[in-house]
Amino acid sequence: MERLCLRVANCFIGRADKNSVMILCRNNHYHSQHKGNINFVRNINNQLKRPEEFLGTMNPDGKPLSEITIDKLGFNFKYHQHLHNQRWAGVSFFVYEQGYLPLEKEYYMLLPTPIFR
């Protein structure tokens, strides 16, 4: 049965479920169809990378930082990846491997990756 390739519009003979001449055509067709989804995920990842880089370099000595100091450097508290509930301190927010814990009077403690057991 002759079929028409979805990407390059060449005729080819193959299985009933085959829809492209070669793997490259199949990949190109898939990525052209799902271009919007990939851009959406890429934009979200870029929004998460900025806070993660910021948290990694911001506080090497482990002292609490004020919200004003953090805001001046361009950190956005809106973006985080997951939450970790700690009995002793409450809920901490994590962006990939770096996290922060809200303290009293608009101060934040920067945290390393939690160890889940």
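Residues numbered from 1 in each chain as written. Predicted model: local features only at pLDDT ≥ 70, side-chain atom pairs only at ≥ 80, totals over all residues. Heavy atoms only, no water.

A. Structural context of the overall build of the protein chain. When you go through the protein chain residue by residue, the secondary structure sums to three helices and seven strands. Along the protein chain, from the amino end to the carboxyl end, the secondary structure elements read β-β-α-α-β-α-β-β-β-β. A buried classification covers 23% of the 117 residues belonging to the protein chain. Contacts in the protein chain between residues at least 24 apart in sequence constitute 31% of all its contacts with a sequence separation of at least 6. Summed over its atoms, the accessible surface of the protein chain is roughly 8,900 Å², and 54% of this surface lies on carbon and sulfur atoms. (Helix = DSSP H or I, 4+ residues; strand = E, 2+ residues; numbered from the N terminus. Buried < 20%, exposed > 50% of the residue type's maximum accessible area, 1.4 Å probe, protein only. Contact = heavy atoms within 4.5 Å. Areas by Shrake-Rupley, 256 points an atom, 1.4 Å probe, with all protein chains shown as cover.)

B. Structural context of unusual backbone geometry. Phi is positive for K105, close to 55 degrees, though the residue is something other than glycine. You can see K105 is positioned in the loop between β6 (98-102) and β7 (107-111). When its relative accessible area of 73% is taken as the criterion, K105 is described as exposed. The backbone phi angle of E106 is positive, close to 60 degrees, even though this residue is not glycine. Looking at where E106 falls in the secondary structure, it is placed in the loop between β6 and β7.

C. Quick look at the packing of aromatic side chains. Counted by the stated rule, this structure contains two aromatic pairs. Ring geometry for F93 versus Y100: centroids 5.4 Å apart, planes at 20 degrees, classification stacked. Judged by relative accessible area, Y100 falls into the buried class, the value being 2%. Between Y100 and Y108, the aromatic rings sit 5.7 Å apart at their centres with planes inclined by 75 degrees, giving edge-to-face as the arrangement. By relative accessible area, Y108 is classed as buried at 13%. Among the aromatic residues, those joined into a cluster by ring pairs are F93, Y100 and Y108. (Phe/Tyr/Trp six-rings, centres within 6.5 Å; stacked < 30°, edge-to-face > 60°.)

D. Spatial organisation of the sheet that holds β7. Strand order in this open sheet of five strands is β3-β7-β6-β5-β4, and the pairing throughout is antiparallel. Edge positions in the sheet fall to β3 (65-66) and β4 (82-86), since each has one partner strand and no second. Note that strand β5 (residues 90-95) and β6 share three bridges and pair antiparallel. Pairing of F93 across the sheet is with Y100, part of β6. (Pairing = 2+ DSSP bridges.)

E. Inspection of the side chain of S66 at higher detail. Inspection of the secondary structure puts S66 in strand β3. For S66, a relative accessible area of 17% translates into the label buried. Residue contacts for S66: discarding those within four places in its chain leaves E106 and Y107.

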